[in-house]
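These are the residues of each chain, in order.
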Amino acid sequence: MISLVHILKNECPNCNKGKVFSDNFFFSLGFPKMNKHCSNCNFKFEKEPGYFFGAMFVNYAITVGEALITFFISSLFFEKTFDFRVLYIIGFVILLLASFNIRLSRMIWIYAFKNYSR
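The model shown is predicted, which means the values in this text are computed figures rather than measured ones.

**Side note on the overall build of the protein**
Stage number 1. When you go through the protein residue by residue, the secondary structure sums to three helices and zero strands.
Stage number 2. Listing every helix and strand of the protein by position from the N terminus yields α-α-α.
Stage number 3. Projected onto the principal axes, the alpha-carbon positions of the protein cover approximately 55 × 30 × 25 Å.
Stage number 4. The burial tally for the protein puts 38% of its 118 residues in the buried class.
Stage number 5. Here the analysis covers contacts within the protein between residues at least 6 apart in sequence; of these, 58% occur between residues at least 24 apart.
Stage number 6. Of the roughly 8000 Å² of accessible surface on the protein, 67% is carried by carbon and sulfur atoms.
Stage number 7. Of the side-chain charges in the protein, 13 are positive and 7 negative, and the distance between the mean point of each set is 10 Å.

Written out as structure tokens, the structure reads:
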């Protein structure tokens, strides 16, 4: 539970003081701008080239979860069991949250392997 708070606050997994992303964590467009090292403890965020490849799978799981939640909530407002307008709503929500999902998935990946090597 405490790690979730640190993840959402964009804090370093090692010292919980420095920031992982240099731009705004919640409201920023475009690809995230990550710091290479923590400004407080000099913890290296990207351990090796391709380190964040696994974060794509985390991002996929988050996106599927958001799509399912959006489907169940939006389908309450339509009479048919499956209305194609729900797909447009799901697509809009996925595009709206894409930048946030990239940041969140990378933070989860960093925290999952934070003690891997120093």
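**Topic: the nonpolar core**
Stage number 1. Core analysis: the largest hydrophobic core is formed by 18 residues, its most contacted members being Val20, Phe45, Phe52, Met107, Trp109 and Ile110.
Stage number 2. Of all the secondary structure elements, the ones that give two or more residues to this core are α2 (55-74) and α3 (85-112).
Stage number 3. In terms of residue count, α3 provides more of this core than any other element does, six residues in total.
Stage number 4. Contacts of phenylalanine 52, omitting those with residues within four sequence positions, involve Met34, Phe45, Glu46, Arg106, Trp109 and Ile110.

**Observations regarding the packing of aromatic side chains**
Stage number 1. Considering all chains together, one arrives at five aromatic pairs under this definition.
Stage number 2. Considering the side-chain rings of phenylalanine 43 and phenylalanine 45, the 6.0 Å spacing of their centres and the 70° angle between planes classify their relative orientation as edge-to-face.
Stage number 3. With relative accessibility at 7%, the residue phenylalanine 43 sits in the buried group.
Stage number 4. For the ring pair phenylalanine 71 and phenylalanine 72, a centre distance of 5.4 Å and an interplane angle of 65° mean the geometry is edge-to-face.
Stage number 5. Sitting over the face of the ring of phenylalanine 52, arginine 106 holds its NZ or CZ atom 4.6 Å from the ring centroid.

Reading guide: rules and limits
Within each chain, residues carry numbers counting from 1 in the order of the written sequence. Owing to the predicted nature of the model, reporting of local features is limited to residues with pLDDT of at least 70; listing and counting of side-chain atom pairs is limited to 80 or more, with chain, interface and lining totals taken over all residues. Where side-chain values are given, they derive from all heavy atoms of the structure, hydrogens and water being excluded. Strands here are runs of E lasting at least two residues and helices are runs of H or I lasting at least four, both read from the DSSP assignment and numbered beginning at the N terminus. To sort residues, take the accessible area from a 1.4 Å probe on protein chains only and compare it with the maximum for the residue type: under 20% means buried, over 50% means exposed, and anything in between is partly exposed. It only takes one pair of heavy atoms within 4.5 Å for two residues to be counted as in contact. Areas reported here follow the Shrake-Rupley algorithm with a probe of radius 1.4 Å; residue values treat only the protein chains shown as occluding. For the purpose of charge, His is not counted, nor are the chain termini; Lys and Arg are scored as positive and Asp and Glu as negative. All charge positions are set by atom: Lys at NZ, Arg at CZ, Asp at CG, Glu at CD. Residues enter a nonpolar core if they are buried and are Ala, Val, Leu, Ile, Met, Phe, Trp, Tyr or Cys, with the set joined through side-chain atoms within 4.5 Å. Classification of ring pairs uses Phe, Tyr and Trp, with its six-membered ring standing for Trp, and accepts pairs whose centres are within 6.5 Å; under 30 degrees between planes counts as stacked, over 60 as edge-to-face, and the remaining range as tilted. Only when the NZ of Lys or the CZ of Arg is both within 6 Å of the ring centre and within 35 degrees of the ring normal is a charge said to sit over the ring.

In short, geometric facts, not functional conclusions.
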